[in-house]
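Structure at a glance
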Amino acid sequence: QQPVQSPQAVILREGEDAVINCSSSKALYSVHWYRQKHGEAPVFLMILLKGGEQKGHDKISASFNEKKQQSSLYLTASQLSYSGTYFCGTETGNDMRFGAGTRLTVKP
Amino acid sequence: DAGVTQSPTHLIKTRGQQVTLRCSPKSGHDTVSWYQQALGQGPQFIFQYYEEEERQRGNFPDRFSGHQFPNYSSELNVNALLLGDSALYLCASSPGQLYNEQFFGPGTRLTVL
């Protein structure tokens, strides 16, 4: 079963913050976050491993709540370049499943 | 480093035909995963190859098969094409057996008429 992402879409002004959530009904080994721009391949952002490890990349960070099988992606002080569709991928040990995506639009 | 490359870029087939898609992984990567991405949807995992063996498989019928060569490149074969097979097929490579950071190729856009 694929993870559930929310919201489905969000529109921001430059400099605003956003949170994208990802939840799974299965026990997870890891959560991956990718960003895909229109017509391009998904680009890796970060991996979160079992253990609740929180990682960051520039102004994008994420958390992983192992007990709740949930992950959140935090985008701080958004930039125009952050626009795209964000996918979470969940690894259960058997396969990798991606959510339906969250479309993020950052406007000037 | 050329990154992950896929061929062809676009492909048009008719129902019932067979198709082969190709993928060359990023240098140093030995694991290749294939995904199907329908328009407006997230990638759906087809299968993963490591050391020339199919390591994991998603919920796809046997019409979907693959192969990994000694140089780690890979092929995805789809037999008896259906209209519903129309999608972007993505190949991703990563180092090692476990799920590490995956690098995606640009994809092959398959259209089945």
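Here is a short report on the structure shown in this document. (Residues numbered from 1 in each chain as written. Chains lettered and ligands numbered in written order. Predicted model: local features only at pLDDT ≥ 70, side-chain atom pairs only at ≥ 80, totals over all residues. Heavy atoms only, no water.)

**Digging into the overall build of chain B**
Within chain B, the secondary structure is distributed over zero helices and 11 strands. When its helices and strands are written in sequence order, chain B yields β-β-β-β-β-β-β-β-β-β-β. Its C-alpha atoms give chain B a radius of gyration of 13 Å, within 12% of the compact-globule value 13 Å for 113 residues. By principal-axis analysis of the C-alpha atoms, chain B measures approximately 40 × 25 × 25 Å. The 113 residues of chain B split such that 49% are buried. (Helix = DSSP H or I, 4+ residues; strand = E, 2+ residues; numbered from the N terminus. Rg over C-alpha atoms; globule rule 2.2 N^0.38 Å. Buried < 20%, exposed > 50% of the residue type's maximum accessible area, 1.4 Å probe, protein only.)

**A closer look at the interface of chain B and chain A**
Every contact between the two is made by 17 residues of chain B and, on the other side, 17 residues of chain A. Across the chain B to chain A interface the summed buried area is about 1400 Å²; carbon plus sulfur atoms make up 57%. In this structure, the connection of chain B to chain A is made through zero salt bridges. Inspection of the chain B/chain A interface yields two residue pairs in polar contact (both at pLDDT 80 or more). If you list the elements that add at least two residues to the side of chain B that touches chain A, you get β4 (31-37) and β5 (44-50) of chain B. Per-class residue counts for the side of chain B that touches chain A are seven nonpolar, nine polar and one charged. (Contact = heavy atoms within 4.5 Å. Buried area = accessible area lost by both parts, 1.4 Å probe. Salt bridge = Lys/Arg side-chain N within 4 Å of Asp/Glu carboxyl O. Polar contact = N/O pair within 3.5 Å; in protein donor to acceptor, adjacent residues only side chain to side chain. Nonpolar A, V, L, I, M, F, W, Y, C, P; charged D, E, K, R; others polar.)

**As for the environment of Arg109(B)**
Residues and elements named next belong to chain B. With respect to the helices and strands, Arg109 occurs in strand β11 (residues 108-112). A residue is classified by how much of its surface remains accessible, and Arg109, at 30% relative accessible area, is partly exposed. Distance in space between the C-alpha atoms of Arg109 and Gln36 is 9.9 Å, their sequence separation being 73 residues. If we ignore the near neighbours within four places in the chain, the residues touching Arg109 are Thr9, His10, Leu11, Leu39, Ala87 and Leu88.

**Remarks on the packing of aromatic side chains**
According to the stated counting rule, one finds nine aromatic pairs over all chains in the structure shown. A ring pair is formed by Tyr34(A) and Phe104(B), whose centres lie 5.4 Å apart and whose planes are at 90°; its orientation type is edge-to-face. Taken together, the positions of Tyr34(A) in strand β4 (residues 30-36) and Phe104(B) in strand β10 (residues 103-104) put the pair across two chains. The residues Tyr34(A) and Phe104(B) share a single accessibility class, namely buried. Ring centres of Phe60(B) and Phe64(B) lie 5.1 Å apart, and the angle between their planes is 70°; this geometry places the pair in the edge-to-face category. Phe64(B) shares its class with Phe60(B); the two are buried. Counting every residue linked through ring pairs, the aromatic cluster contains Tyr34(A), Phe44(A), Phe98(A), Tyr35(B), Phe45(B) and Phe104(B). When the ring centre of Phe103(B) is taken as origin, the NZ or CZ atom of Lys26(B), which lies over that ring, is 5.0 Å away. (Phe/Tyr/Trp six-rings, centres within 6.5 Å; stacked < 30°, edge-to-face > 60°. Lys NZ or Arg CZ within 6 Å of the ring centre and 35° of its normal.)

**Section: the pairing of strand β8 (residues 74-78) of chain B**
Residue and element names in this part refer to chain B. Among the five residues of β8, five are classified as buried, and the element is accordingly described as predominantly covered. Going residue by residue along β8, you find Ser74, Leu76 and Val78 tucked away on one face and Glu75 and Asn77 tucked away on the opposite face as well. Relative to β8, strand β7 (residues 64-68) is paired through five bridges, and the arrangement is antiparallel. Pairing of Gln68 across the sheet is with Ser74, part of β8. Hairpin connection from β7 to β8: five residues lie between these consecutive antiparallel strands, with Tyr72 at a positive phi of about 80°. (Pairing = 2+ DSSP bridges.)

**Description of the state of the cysteines**
Within the structure shown, the criterion is met by two disulfides over all chains. What pairs with Cys22(A) in a disulfide is Cys88(A), and their sulfur atoms sit 2.0 Å apart. Its torsion about the S-S bond being 70°, the disulfide of Cys22(A) and Cys88(A) is classed as right-handed. Here Cys22(A) is found in strand β3 (residues 18-23), whereas its partner Cys88(A) is found in strand β9 (residues 84-91), with 66 residues between them in sequence. The disulfide partner of Cys23(B) is Cys91(B), and the S-S distance across this bridge is 1.8 Å. Taking the torsion about the sulfur-sulfur bond, which here is approximately -50°, the covalent link between Cys23(B) and Cys91(B) counts as left-handed. Taken as a pair, Cys23(B) in strand β3 (residues 19-24) and Cys91(B) in strand β9 (residues 87-94) lie far apart in primary sequence, 68 residues in all. (Disulfide = S-S within 2.5 Å.)

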